[in-house]
Amino acid sequence: MKSEEHPKIKFIYDQGIDAKNAISFVSHHNQKEGLRFLKMFLPDHIFFITGADIPGKEKKKVIENFVTDYYEKNEKALKKGFASAIKDWERVEEKYFSLVAELFKNHPWPRGDYTGFGTIFWCYPRFVSERIFLFPLNHRIPHYANKVIGHEMLHFMFFSYIKHNYKLEENGQIKGKESNYVWRVSEAFNSVIEGWPKYQKIFKITPQPYQETMEIYKKMNTQWRKDQDIEHLLDNFIGV
């Protein structure tokens, strides 16, 4: 993929895959440190499946039953939300990719297919190496799917950029920093860019930094307001 080229996202609406992704997400976050994300992901009435005493087979059954029931009762609205998400993205994708090219100084997008799966759940994980992400079919905020798509695609480029320039993987470690420091920097970075006036022209979004990224976000945002240069910015936060 040449630097001036950009991905074409494949969007998928699939009830079975939605259930499968949810089962996988729960199984990989069903530990104490992951409960916050599960609280974001799962509807309140099935959050009980995060209990350590709930067998894996029961968790799977609860999720599958919930998904089946929800899709059956809301099929028309969900398909409408899916179609709307695609149309919304098509309206902005050229402007978005042009801005990302400017931001990352024409760093090339990672090669391969990019896939967005619609979901009825309330948290939107990404899988960087597979270039896969989830986006909402039915968010309470109209057109929110577009903002999620932009956010997750920004992560794919960010991690490719730091791998190339700083030899850091998504789960990489920096000596003297917390184990999740690179993740915190990535989320703070996205929040900074989402508040950037140029980005705001594409997506009118209010940045919502995670609490654990707030300290980095404030420092990074202050620097970005003075100097919109990604090299200068990241040298200060992950330069080694």
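Structure shown above.
Thresholds, definitions, all that
- Residues numbered from 1 in each chain as written.
- Predicted model: local features only at pLDDT ≥ 70, side-chain atom pairs only at ≥ 80, totals over all residues.
- Heavy atoms only, no water.
- Helix = DSSP H or I, 4+ residues; strand = E, 2+ residues; numbered from the N terminus.
- Expected span 1.5 Å × (residues − 1).
- Bend = angle between axes of the 7 residues up to and from the residue.
- Pairing = 2+ DSSP bridges.
- Contact = heavy atoms within 4.5 Å.
- Axes fitted to C-alpha atoms, helices over the stretch in contact; angles between N-to-C directions.
- Core = buried A, V, L, I, M, F, W, Y, C linked by side-chain atoms within 4.5 Å.
- Buried < 20%, exposed > 50% of the residue type's maximum accessible area, 1.4 Å probe, protein only.
- Phe/Tyr/Trp six-rings, centres within 6.5 Å; stacked < 30°, edge-to-face > 60°.
- Lys NZ or Arg CZ within 6 Å of the ring centre and 35° of its normal.
- Left-handed = near helix turned anticlockwise from the far one by under 90°.
- Salt bridge = Lys/Arg side-chain N within 4 Å of Asp/Glu carboxyl O.

Quick word on helix H3 (residues 56–103)
The end-to-end C-alpha distance of H3, which contains 48 residues, comes to just 44 Å, noticeably less than the 70 Å that a straight helix rising 1.5 Å per residue would cover. At Asn-74, H3 shows its largest bend, some 85°. Immediately downstream of H3, the backbone of Lys-105 shows phi near 55°, a positive value.

Considerations on the sheet that holds strand S4 (residues 132–136)
Spatially, 4 strands are ordered S1-S2-S4-S3 in an open sheet, and the strand pairing comes out mixed. The sheet terminates laterally at strand S1 (9–12) and strand S3 (126–127), the two strands that pair on one side only. In this structure, strand S2 (residues 114–119) lies alongside S4, joined through 5 bridges in parallel fashion. Residue Thr-119 lies in a different strand from S4, and its bridge partner there is Pro-136. Sheet strands in contact with helix H1 (residues 15–29) are S1, S2 and S4, and its direction is about 90° off that of S2.

Let's talk about unusual backbone geometry
Residues other than glycine seldom take positive phi values, yet Arg-131 does so here, at roughly 55°. Note that Arg-131 resides in the loop between S3 and S4. Not every positive phi belongs to a glycine, and His-143 is a case in point at roughly 65°. Its location among the elements puts His-143 in the loop between S4 and helix H4 (144–166).

A word on the nonpolar core
A general feature of soluble globular proteins is that nonpolar side chains tend to end up buried together. With 78 residues, the main nonpolar core has Phe-104, Phe-135, Met-153, Ile-162 and Phe-189 as its most contacted residues. Per-element tally for this core: the top contributor is H3, with 15 residues.

Concerning the side chain of Asn-146
Among the secondary structure elements, Asn-146 is positioned in helix H4. When its relative accessible area of 8% is taken as the criterion, Asn-146 is described as buried. Residues contacting Asn-146, with those up to four places away along its chain left out, are Ala-85, Asp-88, Trp-89, Val-92 and Phe-203.

Structural notes on the pairing of S2
When a strand is regular, its side chains alternate between the sheet's two faces. Of all 6 residues in S2, 6 are buried; the element is thus mostly enclosed. Every second residue of S2 is oriented toward a common face, with Tyr-114, Gly-116 and Gly-118 on one face and Thr-115, Phe-117 and Thr-119 on the other, all of them buried. The sheet contact formed by S1 and S2 spans 4 bridges and is parallel. Across the sheet, the residue bridging to Lys-10 is Thr-115, located in S2.

Examining the packing of aromatic side chains
Aromatic ring pairs: the centre-centre distance and the angle between the two ring planes describe each pair. Tallied over the entire structure, the rule returns 27 aromatic pairs. Between Phe-25 and Phe-41 the ring centres are 4.3 Å apart and the planes differ by 25°, which places this aromatic pair in the stacked class. Here Phe-41 lies in helix H2 (residues 35–41) and Phe-25 lies in helix H1, a separation of 16 residues in the sequence. Against the face of Tyr-114 rests Arg-131, its NZ or CZ located 5.9 Å from the ring centre.

A short note on the packing of H1 against H3
Relative orientation of the contacting elements H1 and H3 amounts to 145°, with a least axis distance of 9 Å. Here the hand of the crossing between H1 and H3 comes out right-handed. On H3, the residues that touch Gln-15, Asp-18, Ala-19, Ala-22, Ile-23 and Val-26 of H1 are Lys-60, Ile-63, Glu-64, Val-67, Thr-68 and Tyr-71.

Observations regarding the pattern of salt bridges
Two side chains bearing opposite charge may form a pair once their charged atoms approach each other closely. Under the criterion given, the structure shown has 15 salt bridges. A salt bridge links Glu-75 to Lys-79, with the nearest nitrogen and oxygen atoms 2.9 Å apart. With Glu-75 and Lys-79 both in helix H3, this residue pair falls 4 residues apart, about one helical turn. With its nearest N and O atoms 3.1 Å apart, the salt bridge here joins Arg-184 to Glu-178. Among the ionic contacts, a cluster of salt bridges with common partners joins Lys-105, Asp-229 and Glu-231.

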